[in-house]
Amino acid sequence: MGNWMSKRHRRGRAAAHGEAEDPLEASARLIARARSITVFTGAGISVESGIPDFRSEGGLWQRFDPAVYCDYDVFRDRPEMFWTMVTSLYGDVHARLGGTREELRRGELKKPKPNAGHRALAELEAGLGKRVTVVTQNIDGLHGTEGGAGSTRVIELHGTEATCTCVKCQAVVPRDEVMRLMVAHDSFASSSSCYVPRHEGCGGVLKADVVLFGEPLPVGAMAAAAKAVMASSVVLVVGTSLEVAPANMIPSMVKYRPFGKLIINNLDGSGKDRADIFLQGNSSEVLPALVRRVRELSQRQ
């Protein structure tokens, strides 16, 4: 008790003298005390896994205008636009992960795996017993339990690339089956390929189960995310500039909760003006360090 009191006294003296507390330490103390936490993630957390940030310099959207290639109405009329972009993305990720052109042609694509940032978030739940809800804008599945880091409560606001749905008969087709079709039709043999996967039963066009511009979010996703935030004393935002509406409205809802705090971790300074605490740095480095410190503090309580 005496040691804890002395630390509290030192923190009080630091505040009285205008000394800023280390943001990692301040974040760790908040999370260590919290029972329920919501983590809101964007593309930045998956860059270390080999998935490019679409919006950044040299990103996918500099080559493929999202207003065209990611628009639902365009997809309905010209699905080859979307599938040309997807084929290019798969090739980019494969190359980033060290895959060869010959492997790509054979359909032996390198698959992204969870990185240290994803694993650290899962550790908050599995290792520290926190009730953690991950709300993600990502479609890569790297947070969850099937091939992901192991987080059990994941809300995918923008859908998932793990499956496709036939626009004609509504059959759901796994990603691996779609990849088999793409390889069989030499989709990866040429950068100009525009093969459109179709359901082998009815011949209908397959659409990846991701949210395109002009489509609604998955049923109940926004409500579930808002409910999780309002039940949390801490919201941790990772790897997103919070520019994509309406999802970007969710994290700040924690401010309406008594004593709710918003922590933001980005590589650049985006979001700093919204955060109660801002952690600048690579999420694959910052999050493991944060969770280690939370563990240390929790063991002392």
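Since the model is a prediction, treat every value here as computed from it, not as a measurement.

Any chance you could break down the overall build of the chain for me, citing the residues and the numbers?
When helices and strands are tallied, the chain shows 11 helices and nine strands. The globule rule puts the C-alpha radius of gyration for 301 residues at 19 Å, and the 21 Å found for the chain is close to it. Based on the C-alpha atoms only, the size of the chain along its principal axes is roughly 70 × 40 × 30 Å. Per-residue burial for the chain yields a buried fraction of 47% across its 301 residues. Sequence-distant contacts, at least 24 apart, represent 65% of the contacts inside the chain between residues at least 6 apart. For the chain, the exposed area adds up to about 15,200 Å²; of that, 52% sits on carbon and sulfur atoms. Across the chain, the centroid of the 38 positively charged side chains sits 9 Å from that of the 34 negatively charged ones.

How would you explain the nonpolar core if you had to name every residue and give the values?
Across soluble globular proteins, you tend to see nonpolar side chains buried next to one another. With 30 residues, the main nonpolar core has F82, W83 and M182 as its most contacted residues. For this core, the secondary structure elements donating two or more residues are helix 6 (79-96), strand 4 (159-166), helix 9 (175-184) and strand 6 (206-210). In terms of residues, this core owes the most to one element, helix 6, which gives eight residues. Residues contacting W83, with those up to four places away along its chain left out, are F75, C164, V178, M182, Y195, V196, P197, L206 and A208. Among the nonpolar cores identified, the runner-up in size contains 27 residues, and A120, V132, V134 and V291 belong to it.

Can you explain the side chain of T41? Please cite residues and give values.
Structurally, the position occupied by T41 is in strand 1 (residues 36-41). Excluding anything up to four places from it in sequence, T41 contacts L121, V134, V135, T136, Q137, N138, H143 and V238.

Outline the pairing of strand 1, listing residues and values.
Within strand 1, six of the six residues are buried, which leaves it mostly tucked inside the rest of the structure. Burial along strand 1 is two-sided: the residues S36, T38 and F40 and I37, V39 and T41 are all buried. Where strand 1 and strand 7 (residues 234-238) come together, five bridges link them in parallel fashion. Residue pairing across strands places F40 opposite V237, the latter belonging to strand 7.

Just give me the short version of the packing of helix 8 (residues 116-126) against helix 11 (residues 283-300), but keep the residues and values in it.
Closest axis-to-axis distance for the helix 8/helix 11 pair is 7 Å, and the angle between their directions is 25°. The angle between helix 8 and helix 11 falls in the class roughly parallel. Pair helix 8 / helix 11 crosses with left-handed handedness. Packed against helix 8, whose contacting residues are A116, G117, A120, L121, E123 and L124, the element helix 11 presents S283, S284, L287, P288, V291, V294 and R295 at the interface. Along the lines of polarity and charge, the residues of the contact of helix 8 with helix 11 split into eight nonpolar, three polar and two charged.

Help me get a handle on the sheet that holds strand 8 (residues 261-266), residues and values and all.
Strand-to-strand pairing in sheets goes through backbone hydrogen bonds, with the strands running parallel or antiparallel. Ordered by their spatial adjacency, six strands build an open sheet running 3-2-1-7-8-9, and the pairing between neighbours is parallel. Lying at the two open borders of the sheet, with one neighbouring strand each, are strand 3 (154-156) and strand 9 (277-280). Geometrically, the sheet is characterised by an average inter-axis angle of 15° between neighbouring strands, direction not taken into account. As judged from the three bridges shared by strand 2 (residues 131-136) and strand 3, these two strands associate in the parallel manner. When the sheet's bridge partners are listed, V135 is paired in strand 3 with I155. Where helix 2 (residues 23-33) meets the sheet, it contacts strand 1, strand 7, strand 8 and strand 9, and its direction lies at approximately 120° from that of strand 9.

Let's hear about the sheet that holds strand 5 (residues 172-174): which residues, and what values?
Taking strand neighbours across the sheet as the criterion, the three strands line up as 5-4-6 in an open arrangement whose pairing is antiparallel. Looking along the sheet, the strands with just one partner apiece sit at the ends: strand 5 and strand 6. On average, each strand axis in the sheet is tilted by 40° relative to the strand beside it, whichever way the strands run. Across the sheet, helix 6 touches strand 4 and strand 6, and the angle it forms with strand 6 is around 60°. With respect to the sheet, helix 9 is in contact with strand 4, strand 5 and strand 6, its orientation differing from that of strand 5 by roughly 75°.

Break down the confidence of the model for the chain for me, citing the residues and quoting the values.
Taken as a whole, the chain shows an average pLDDT of 90; of its residues, 91% reach a score of 70 or greater. Low confidence marks residues 1-17, where pLDDT is under 50. Its contacts with residues over four positions away, or in another chain, come to four contacts.

If you had to explain the pattern of salt bridges to someone new, which residues and values would you point to?
All told, the structure shown has 17 salt bridges when counted by the stated rule. The partner of D276 in a salt bridge is K255, and the shortest N-O contact between them spans 3.9 Å. One end of the pair, D276, is in the loop between strand 8 and strand 9; the other, K255, is in the loop between strand 7 and strand 8, with 21 residues separating them in the sequence. Look at D276 and you get partly exposed, because its relative accessible area is 36%.

Help me get a handle on the packing of aromatic side chains, residues and values and all.
Scanning all chains against the criterion turns up four aromatic pairs. Centre to centre, the rings of F75 and F82 are 5.7 Å apart; their planes meet at 85°, and the pair counts as edge-to-face. Classification of F75 as buried rests on a relative accessible area of 4%. Aromatic side chains F82 and W83 sit 5.4 Å apart centroid to centroid with 80° between the ring planes, which places their arrangement in the edge-to-face category. In this structure F82 comes out as buried when scored by relative accessible area, which is 4%. Judged by relative accessible area, W83 falls into the buried class, the value being 2%. Taken together through their ring pairs, the aromatic side chains of F75, F82 and W83 make up a single cluster.

Quick notes on the rules
Residues numbered from 1 in each chain as written. Predicted model: local features only at pLDDT ≥ 70, side-chain atom pairs only at ≥ 80, totals over all residues. Heavy atoms only, no water. Helix = DSSP H or I, 4+ residues; strand = E, 2+ residues; numbered from the N terminus. Rg over C-alpha atoms; globule rule 2.2 N^0.38 Å. Buried < 20%, exposed > 50% of the residue type's maximum accessible area, 1.4 Å probe, protein only. Contact = heavy atoms within 4.5 Å. Areas by Shrake-Rupley, 256 points an atom, 1.4 Å probe, with all protein chains shown as cover. Lys, Arg positive; Asp, Glu negative; His and termini not counted. Charge placed at Lys NZ, Arg CZ, Asp CG, Glu CD. Core = buried A, V, L, I, M, F, W, Y, C linked by side-chain atoms within 4.5 Å. Pairing = 2+ DSSP bridges. Axes fitted to C-alpha atoms, helices over the stretch in contact; angles between N-to-C directions. Parallel < 35°, antiparallel > 145°, perpendicular 65-115°, else oblique. Left-handed = near helix turned anticlockwise from the far one by under 90°. Nonpolar A, V, L, I, M, F, W, Y, C, P; charged D, E, K, R; others polar. pLDDT = per-residue confidence, 0-100. Salt bridge = Lys/Arg side-chain N within 4 Å of Asp/Glu carboxyl O. Phe/Tyr/Trp six-rings, centres within 6.5 Å; stacked < 30°, edge-to-face > 60°.

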